[in-house]
Amino acid sequence: MSDMDKVVAEKLEATTDPRLDNEHWSDVLVQALPYFKQWVNKVVVVKYGGNAMLNEQLKAAVMEDIVLLNTIGVHVVLVHGGGPEINHMLERVGKESKFVNGLRYTDAETMEIVQMVLTGKLNKDIVGLLLQEGGKAVGLSGVDSGLLRAKKKPGEDLGFVGEVTEVHPEIIESLISQGFIPVVSTVALGEDGDMARYNINADTAAAKIAIALGAEKFVQLTNVPGVLKDVNDPTSLIQRIKLSEVEKYEKEGIIAGGMIPKIECCVMARKGGVPRTHIIDGRVPHSLLIEMFSDRGVGTMIY
C-alpha cells in the first residue's frame, strides 16, 4: 500500500469511527452551525468526477452530501464528467480512444457516443441516485434551453471538442427556485447557426456555470488530496493558495501535470467573481460536508 493509499485509508477510518462519544458529536454540531447559516440560500457548484463516480461507497456519500445540502437550503448545482464510462463504451463498439494533450479527440462518431453516455446514461443515473436519497433532482445537458453555447476549440484539431462561448443559466435558476438539484452533463450546442454538438471539458464548464450563476463556492472533486508540495508525500498538502502565488508554484513545478487545468479553472472562477474555489479529495467520504461545515476544511482553496 502506497503512502497516499494509507492516508486515504486513515481518513476513511476517521470518518466512520463509531467510538466518537456524545461530547465529540456535540462539538461537531456546534462547529457546523455557523456554516449552516452561512450557506443557506447560497449557490454552490460542484464538479463531480474521478473515483467519486466509480466507487459505489463514495458515490453514495456524495449523493447523501448533496441531498443534505439541498435539504437545509443550500442550492447545489452538480456538473459531471464521465471519461471512464465513455472509454468503456468506445471499447464496446470497437473504437479506440485518442487523446491529444490530455483532451479526447472527438470525431463525429465519438461525439455521438459522448452525448449518449453523458446525457442518456450517466446524467440519468445520477438523478436516480439523488432521488433514491430523498432529493429532488432534474437532469440537464448544456443543449437544454441553450444552457451552454460553444465553438470549435482553436489550435490543434480535436474534432468536436468545444470551447464555451456563452452560458445562459436561466433554466438552472428556475430549477433552483423550485427546490430542485440541477444535474448538468457537459455537451454543448454550437453558436447561432451551428447545430453541431460539442464535447466540453467538465471542469471548465463547471467554472463557467459557477461564474454565470454568481455562485458563492466552486468545488472540484478530484483523485488527489489537493495541491501537494511533494507529490510523493500526501502530508505536504497546501491548504490555501493566493491567486498571486499560482504562477510561482507553476514555475517551481509544484502545480504541474493534470493539476494545472484544475487550478486554471479555479483561477477562472475566482477572477469571474466566485469568492471561494476549492480542489478537494473525492476519495474521502463526505469530503464535501467536511469542507463546508468544519474549521479544518479539506483540500486546497484558491483565494
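Residues numbered from 1 in each chain as written. Predicted model: local features only at pLDDT ≥ 70, side-chain atom pairs only at ≥ 80, totals over all residues. Heavy atoms only, no water.

A.B. asks: Any details on the pattern of salt bridges? Residues and values, ideally.
C.D. replies: One pass over the full model with this rule turns up 13 salt bridges. Residues joined in a network through salt bridges with shared partners are Lys47, Asp203 and Lys262. (Salt bridge = Lys/Arg side-chain N within 4 Å of Asp/Glu carboxyl O.)

A.B. asks: Give me the environment of Lys271: which residues, what numbers.
C.D. replies: As for its position among the elements, Lys271 is in helix α10 (residues 259-271). With relative accessibility at 68%, the residue Lys271 sits in the exposed group. Note: C-alpha distance between Lys271 and Ser244 (27 residues apart in sequence) is 12 Å. (Helix = DSSP H or I, 4+ residues; strand = E, 2+ residues; numbered from the N terminus. Buried < 20%, exposed > 50% of the residue type's maximum accessible area, 1.4 Å probe, protein only.)

A.B. asks: Give a description of the sheet that holds strand β6 (residues 148-152) that names residues and reports values.
C.D. replies: Ordered in space as β7-β6-β9-β10, the 4 strands form an open sheet in which the pairing is mixed. Because the sheet does not close on itself, it has two edges, and the strands there are β7 (162-167) and β10 (197-199). Across this sheet, the average inter-strand angle for adjacent strands is 50 degrees, counted without regard to direction. Strand direction decides the pairing type here: β6 and β7, joined by 5 bridges, are antiparallel. Paired with Leu148 across the bridge in β7 is Val167. Across the sheet, helix α8 (residues 202-213) is in contact with β6 and β7; its angle to β7 comes to roughly 10 degrees. (Pairing = 2+ DSSP bridges. Axes fitted to C-alpha atoms, helices over the stretch in contact; angles between N-to-C directions. Contact = heavy atoms within 4.5 Å.)

A.B. asks: For helix α4 (residues 56-71), give the residues involved together with the corresponding values.
C.D. replies: Given a rise of 1.5 Å per residue, 16 residues ought to cover 22 Å, and the 22 Å separating the end C-alpha atoms of α4 matches this to within 8%. Taken together, the buried positions of α4 are occupied by Leu58, Lys59, Ala61, Val62, Met63, Asp65, Ile66, Val67, Leu69 and Asn70. Looking at where α4 begins, the residue whose side-chain oxygen comes 2.9 Å from the main-chain nitrogen of Gln57 is Asn55. Gly73 occupies a position one or two residues after α4 and carries a positive phi of about 100 degrees. (Expected span 1.5 Å × (residues − 1). Polar contact = N/O pair within 3.5 Å; in protein donor to acceptor, adjacent residues only side chain to side chain.)

A.B. asks: Explain the pairing of strand β8 (residues 181-185) to me, using residue names and the numbers behind them.
C.D. replies: Taking burial as the measure, the 5 residues of β8 include 5 buried ones, the bulk of the element. Judged by which residues are buried, β8 turns out to be covered on both faces: Ile181, Val183 and Ser185 on one side and Pro182 and Val184 on the other are all buried. As paired elements, strand β2 (residues 75-80) and β8 share 3 bridges and run parallel to each other. Across the sheet, the residue bridging to Leu78 is Val183, located in β8. One ladder, built from 5 bridges, connects strand β5 (residues 137-141) with β8; its direction is parallel. From the neighbouring strand, Ala137 faces β8, where its bridge partner is Ile181.

A.B. asks: Which residues make up the pairing of β2, and what values do they have?
C.D. replies: In terms of residue burial, β2 counts as a mostly covered element, since 6 of its 6 residues are buried. Here β2 shows no split at all, with His75, Val77 and Val79 on one side and Val76, Leu78 and His80 on the other all buried. Bridge count for strand β1 (residues 43-48) against β2 is 6 bridges, and the pairing is parallel. The residue bridging Val43 from the neighbouring strand is His75, located in β2.

A.B. asks: An account of empty space enclosed by the protein is requested, with residue identities and associated values reported.
C.D. replies: Applying the stated rule across the entire model yields 1 cavity of 30 Å³ or more. Looking at the largest cavity, its volume works out to about 60 Å³. Looking at the largest cavity, the residues that line it are Leu58, Ala61, Val62, Asp65, Leu221, Gly282, Val284, Pro285, His286, Ser287 and Leu288. Contributions of two or more residues to the lining of the largest cavity are made by α4 and α11 (287-293). (1 Å grid on protein atoms, 1.4 Å probe; cavity = no way out; pocket = protein on both sides within 12 Å on 5 of 7 lines; lining within 4 Å. Points joined across faces, edges and corners; volume = space filled by probe spheres on them.)

A.B. asks: Tell me about the packing of aromatic side chains, and please be specific about residues and values.
C.D. replies: When we look at a pair of aromatic rings, we describe it by the centre distance and by the angle of the planes. Counting across every chain of the model gives 1 aromatic pair. For the ring pair Phe160 and Tyr198, a centre distance of 6.1 Å and an interplane angle of 50 degrees mean the geometry is tilted. Of this pair, Phe160 sits in the loop between β6 and β7 while Tyr198 sits in strand β10, and the two are 38 residues apart along the sequence. You can call Phe160 partly exposed: its relative accessible area is 30%. Assessed through its relative accessible area of 7%, Tyr198 is described here as buried. Over the aromatic face of Tyr105 sits the side chain of Lys98, whose NZ or CZ is 4.9 Å from the ring centroid. (Phe/Tyr/Trp six-rings, centres within 6.5 Å; stacked < 30°, edge-to-face > 60°. Lys NZ or Arg CZ within 6 Å of the ring centre and 35° of its normal.)

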